[in-house]
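Architecture and fold: a report
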Amino acid sequence: MTDYLTAGEAIEVLKIPASTFYRLAKEGKIAKHYPTAVSKHGVYDAREIARLGSKLKRESEPQQTGETDWIQSSDVGNMYDLEYTVYGDETGNPSIVRKWYERNPQICRVLYNKEDRRDFWGALNMLPLKEETIFKLLRGEIRDIDLDPQKDILTFEEPGTYDFYVASVIVRPDRKNHFLALVNGVFDFWCEQAPERRLRKIYGRVVSGDGEMMAKKLFFSPLWHISDSAYVLDMTRPNPSRLVQSFQYAVNSKIEEASLTAKMTAKEANNSECRGTKADTEQTSTESTELL
């Protein structure tokens, strides 16, 4: 049986002025019910009022804004604290991880409270490695802590394509709606690098239900021939994910723009050379005429 509240009771539950309550009722945002055909005074569904109360509370709370950036040396302590809340005693040795970031700080994208960088919400660790090294990690032949930062982790100094191994993805449960901000932060960076440097494939191991959901959301493909937990996202192949499609479109647009610019430059150089040749020919002709 549905419980109903009088207007006074509903106003008390919602904790809003009576004028606001009646305005919302007039606008149809609060439904009025009449228990019988002859009832003169309307009543309000208690469940509807409770839902509205929760909504108004959420809207009244100050919304914190997230920000993403590449990790800095001062972030390592906060990063360790975030990882410890997820991995506990299995958290990687911070002295080892610090060497990763010293080698290439653009392998860890962090998510934090814009008002307080120390308030970490999440992080995405993607290690640029040779594909043969990635396969060893996926097969369990080596662990990421066994990597030699100077020999194994690549920098982005050289133009070309790069493959990545996802060492970890962490997002606080109360900040999961910001997960895509982390991914976008990485994609934006690699869009800026195109066409000289390109993100080719992203490999990873799925070891939890949340990880599997993330992989499915971006349409990672399983690599059963390597391991039951191995997955890959090939950024050069068609993908149903709108996020991936947007990235691919942006990169392809930059590639086409660069190609067009190169053709125009070559054409201008060719025209300039032709003009120079023509001028030399005319000069030679003039000199020959004068001699005659």
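Predicted model, so just to flag it, every value in this text is computed and none were measured.

1. Comments concerning the packing of aromatic side chains
Each aromatic ring pair is described using two quantities: the centre-to-centre distance and the angle formed by the ring planes. According to the stated counting rule, one finds 14 aromatic pairs in the structure shown. Relative to Tyr-44, the ring of Phe-21 lies with its centre 5.0 Å away and its plane at 75°, an arrangement referred to as edge-to-face. Of this pair, Phe-21 sits in helix α2 (residues 18–26) while Tyr-44 sits in strand β2 (residues 44–45), and the two are 23 residues apart along the sequence. By relative accessible area, Phe-21 is classed as buried at 0%. Among the aromatic residues, ring-to-ring pairing joins Trp-70, Phe-156, Tyr-162, Phe-164, Phe-189 and Trp-190 into one connected group. The cationic tip of Arg-109 hangs over the ring face of Trp-70; the distance from NZ or CZ to the ring centre is 4.8 Å. Geometry around Trp-121 places Arg-175 over its ring, the cationic atom sitting 4.0 Å from the centre.

2. Considering helix α1 (residues 7–14)
Of all the residues in α1, the buried ones are Ala-7, Ala-10, Ile-11 and Leu-14. For α1, the buried positions fall inside an angular range of 100° around the axis, keeping them on one side. The inward-facing, buried residues of α1 contact β1 (4–5), α2, β2 and α3 (46–60). Within two residues after α1, Lys-15 carries a phi angle of roughly 55°, on the positive side.

Rules behind the numbers
- Residues numbered from 1 in each chain as written.
- Predicted model: local features only at pLDDT ≥ 70, side-chain atom pairs only at ≥ 80, totals over all residues.
- Heavy atoms only, no water.
- Phe/Tyr/Trp six-rings, centres within 6.5 Å; stacked < 30°, edge-to-face > 60°.
- Helix = DSSP H or I, 4+ residues; strand = E, 2+ residues; numbered from the N terminus.
- Buried < 20%, exposed > 50% of the residue type's maximum accessible area, 1.4 Å probe, protein only.
- Lys NZ or Arg CZ within 6 Å of the ring centre and 35° of its normal.
- Arc of directions from axis to C-beta.
- Contact = heavy atoms within 4.5 Å.

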